[in-house]
Amino acid sequence: MTTAQNTSPLLLEIGTEELPAIPFLAELPNIKSKFQKILKANRLPCEFDFFYTPRRLVIIAQDFKQIQNTQVLEFFGPPLNIAYKDNTPTPAALGFFKKCGITEKEVITTTKEGKEILYCQKQAEQIPAIHLLEAMIQEFLESLNFGKTMRWGSLKDSFIRPISWILCLFNHQLVPLKLYGIESKAQTFVHRNISFEPLEVQNIPNYFDTLCNGGVILDQTKRKEKILEEIRQIESDRGIKVEMDTGLLEEIVSITEYPTALFGEFSEHFLELPAPCIITSMKVNQRYFATYKDSKLYHGFIVVSNSLAQNPKAIVEGNIKVLRARLEDALFFYHNDLKTGFQPERLKEVTFVEGLGSMWEKTERERKIIQVLSTLFQTQLSALEPNFGLLLEILDQAATLSKADLMSEMVYEFTELQGIMGYYYAKDLRYDDRIALAILEQYLPNSEESALPSNLISALIALAYKLDNLMGLFSIAKIPSGSRDPFALRRAANGVIKIVLHFNLPFDLKTILEKLAPLYKPFDLKLLENFILERLDSVLNFNASLLRAVLTTGERDLVQISQKLLALDSALKNQDKKLLSQTFKRLANITKEVCLDSPLSIKEEKLLAPEEIELYQAFNSCNLQGCDYAMRLDSLLKLNPILDRFFDKVLVNTPDEDFKNNRKHLIARIYKAFLEIAEIKEISL
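Residues numbered from 1 in each chain as written. Predicted model: local features only at pLDDT ≥ 70, side-chain atom pairs only at ≥ 80, totals over all residues. Heavy atoms only, no water.

**Some remarks on the pattern of salt bridges**
Next, step 1: In this structure the tally under the stated criterion is 31 salt bridges.
Next, step 2: Salt-bridge contacts for Arg490 lead to Asp485; the nearest nitrogen and oxygen are separated by 3.9 Å.
Next, step 3: Residues Arg645 and Glu614 are paired through a salt bridge, measuring 2.7 Å at the closest nitrogen-oxygen approach. One end of the pair, Arg645, is in helix H25 (residues 640-649); the other, Glu614, is in helix H23 (residues 610-620), and 31 residues separate them in sequence.
Next, step 4: You can call Glu614 partly exposed: its relative accessible area is 28%.
Next, step 5: Through salt bridges with shared partners, a single ionic network connects Lys362, Arg365, Glu366, Lys403 and Asp468. (Salt bridge = Lys/Arg side-chain N within 4 Å of Asp/Glu carboxyl O. Helix = DSSP H or I, 4+ residues; strand = E, 2+ residues; numbered from the N terminus. Buried < 20%, exposed > 50% of the residue type's maximum accessible area, 1.4 Å probe, protein only.)

**Let's talk about the sheet that holds strand S2 (residues 49-53)**
Next, step 1: Reading across from one edge, S2-S3-S1-S9-S10 is the order of the five strands in this open sheet, with antiparallel pairing throughout. Of all strands in the sheet, those bounded by a partner on one side alone are S2 and strand S10 (173-174). (Pairing = 2+ DSSP bridges.)

**Brief notes about the packing of aromatic side chains**
Next, step 1: A full pass over the atoms with the stated rule returns 21 aromatic pairs.
Next, step 2: Between Trp165 and Phe189, the ring centres sit 4.6 Å apart and the planes meet at 45°, which makes this aromatic pair tilted. Taken together, the residues span a long stretch of sequence, with Trp165 in strand S9 (residues 163-170) and Phe189 in the loop between strand S13 (187-188) and strand S14 (199-200) at a distance of 24 residues. The two residues Trp165 and Phe189 agree in class, both being buried.
Next, step 3: Three or more aromatic residues link up through ring pairs in this structure, and these residues are Phe24, Phe50, Tyr52, Phe146, Trp152, Phe159 and Tyr180.
Next, step 4: The ring of Tyr52 has Arg223 sitting right over it, with the charged end atom 5.5 Å from the ring centre.
Next, step 5: Here Lys348 stacks its cationic end above the ring of Trp360, 5.0 Å away from the centre of that ring. (Phe/Tyr/Trp six-rings, centres within 6.5 Å; stacked < 30°, edge-to-face > 60°. Lys NZ or Arg CZ within 6 Å of the ring centre and 35° of its normal.)

**Looking at the pairing of S2**
Moving residue by residue along a regular strand, the side chains alternate between the two faces of the sheet.
Next, step 1: Of all the five residues making up S2, four are buried; the element is thus mostly covered by neighbouring parts of the structure.
Next, step 2: Following S2, the chain reverses through two residues before pairing antiparallel with strand S3 (residues 56-65).

**Re the packing of helix H1 (residues 21-41) against helix H4 (residues 133-143)**
Geometrically, a packed helix pair is captured by the angle between its two axes and the distance between the axes.
Next, step 1: One can describe the packing of H1 onto H4 by two numbers: an axis separation of 10 Å at closest approach and a directional angle of 150°. Classified by the interaxial angle, the pair formed by H1 and H4 is roughly antiparallel. As for how H1 packs across H4, the hand of that crossing is right-handed. Together, Glu27, Ile31, Lys34, Phe35, Ile38 and Leu39 of H1 and Met136, Glu139, Phe140 and Ser143 of H4 make up the contact between the two elements. (Axes fitted to C-alpha atoms, helices over the stretch in contact; angles between N-to-C directions. Parallel < 35°, antiparallel > 145°, perpendicular 65-115°, else oblique. Left-handed = near helix turned anticlockwise from the far one by under 90°. Contact = heavy atoms within 4.5 Å.)

**Considering the side chain of His191**
Next, step 1: Tracing the backbone through its elements, the reader meets His191 in the loop between S13 and S14.
Next, step 2: Classification of His191 by relative accessible area gives buried; the value is 4%.

**Details of the packing of H1 against helix H7 (residues 246-254)**
Next, step 1: H7 packs onto H1 with a crossing angle of 105° between their chain directions and a minimal axis gap of 10 Å. In terms of axis orientation, H1 runs roughly perpendicular to H7. Two secondary-structure elements touch here, H1 through Ala21, Ile22, Phe24 and Leu25 and H7 through Glu250, Glu251 and Ser254.
Next, step 2: Grouping the amino acids of the contact of H1 with H7 by side-chain chemistry returns four nonpolar, one polar and two charged. (Nonpolar A, V, L, I, M, F, W, Y, C, P; charged D, E, K, R; others polar.)

**Comments concerning the sheet that holds strand S8 (residues 115-123)**
Next, step 1: With antiparallel pairing, three strands are arranged side by side in an open sheet as S4-S8-S7. Two strands bound the open sheet, and with one partner strand each, they are strand S4 (72-79) and strand S7 (108-112). Neighbouring strand axes in the sheet, compared pairwise and without regard to direction, differ in orientation by 40° on average.
Next, step 2: Strand direction decides the pairing type here: S7 and S8, joined by five bridges, are antiparallel. Looking across to S8, one finds that Thr110 is bridged to Ile117.
Next, step 3: Running over the sheet, helix H3 (residues 91-100) touches S4 and S8 and is turned about 170° from S4.

**Re unusual backbone geometry**
Next, step 1: The omega angle of the peptide bond from Leu444 to Pro445 is -10°, so this bond is cis rather than trans.
Next, step 2: Along the chain, Pro445 turns up in the loop between helix H15 (433-441) and helix H16 (456-475).
Next, step 3: Of note, Asp294 is a non-glycine position whose phi angle comes to about 55°, a positive value.
Next, step 4: Looking at where Asp294 falls in the secondary structure, it is placed in the loop between strand S17 (289-293) and strand S18 (296-305).
Next, step 5: Although it is not a glycine, Ala477 sits at a positive phi angle of roughly 65°.
Next, step 6: Considering the arrangement of structural elements, one finds Ala477 in the loop between H16 and helix H17 (489-502).
Next, step 7: For Ala477, a relative accessible area of 61% corresponds to the exposed category.

The structure is reproduced here in structure tokens:
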């Protein structure tokens, strides 16, 4: 129970050395919720704003409670027959009195679970907020998880970067704090272009004025809006289009206090480089935005400056000079790589994972995986190219060259360009376009929103890569556990499923894993099979019991599983799930001693009851041919009311063996027809 309290404004500013953008942005979504949790635990819940710049973390609450909310504490003690003996308190009762801080005369009783017990109700102490702030702020800062932290001076405490100053005002008055060796003071720091000295803060409105006049835009949303507005103006003035990388934008917002977007141009001759080389060099090394004109990469860029200097031209020229050096290096790497060409044998020098050999050995395994898959998918591949032998050569060459760009100077400099540079080198070296594209698309899909390979040749290269990762790492017991998945095997499994379903490939998981197993150290294939099947739930997004119902039948072809799930989900939408489940539990129970693989012969002359004749005829009229599971399920589900009448009127376990077996065989045939799609009794909706 809580009651309203008087409130006052609170300002907390933690000043630091420059915060590294990437780890800070990773923790950013959690920061407000962590402070909210601490406020709630201290009975001081309130609304607040959180702001940040590269040198400060700021919390501002306009209505921060001056004192903790009231809270009623309840204490439940032992039953009366245990609390008292001969009207004298027992040790159990005395312990309860001590725990509650009361005397025997103050205790009351209540009823709980039908027993009268000792009971005490007290109001918790209400502590003024000003006495709690230091411990709360300490807890808040310690709760922030930025990955690596650092210590400074003689402190044992650590933080993402050294804390330089602390400002805490409550009701516009300084709150004395000492955290991380720093004592709070009524002062803050503005943009370094204006002053390196601390400036006095008289109250919270004065704090905002000081930052505003000091070249600091505190609100990160306003900094982002300023950048975007200036970029739009540059686009309009220059007739260009800026590639808006949202991740890069967030990073720039986090490292600037007063951002200014500026336009610069580099020499056109650098456009000889593949566009990804230029874009990556600008983004990774310099945090520049790329620009386009007429849908082509333009020799211009956007740099966002954090300087208040009056001469933006000098800033742009300085950045052009730095970028020129970067692009000259990239051009040198590119020409060198083209001169040497692909050298896949050099992959022997690079270890894949300890226990799985070199990248060359990985490539060799992927070649063998493709040989297996090519045989299984020959029908699908032949639809692309009548000359199956030529297709096999293309696939083998694509697999052989797929990782060769790892040895290029360009990928050594920018690892994120692996596969991408292989594509450009293959094009420049005049390899078949299908080989170049397969090298480019081998890692797809590489995220939840990622595109899939664009054709079947690329898809097989991508499947081989993912299957080798899964088989290889499971064979050396590098299996994901909990949230840990350092080799992204869950993503690999998702990728296998998505590719197989997209290209409608006959992919019996159990069979394929067994065919690939000789390439690896022996391990329990069932572990990997289950690991991949578990990912179906997230990829297909169906009720888990539907998936369980299909898998219980032993179906392991991923496409068939998907089709059966779709049919099952659609067919059950208008069914009485509870009634259906009861019916199929009876089906399963009646047939549990029947061998479903036996002929299940039925003697028509032994069908006497009208209900069993009706059921027999209705089942025989069901459309159970072909792979249209929706049609098959619809036919079978129409048997449900007839089955109910049969169970109500017909005694299956009759003393006559012939009649009993005849009826069991009829039920078993129906049950078996359902089992070819799903085990209905597993469904819980």
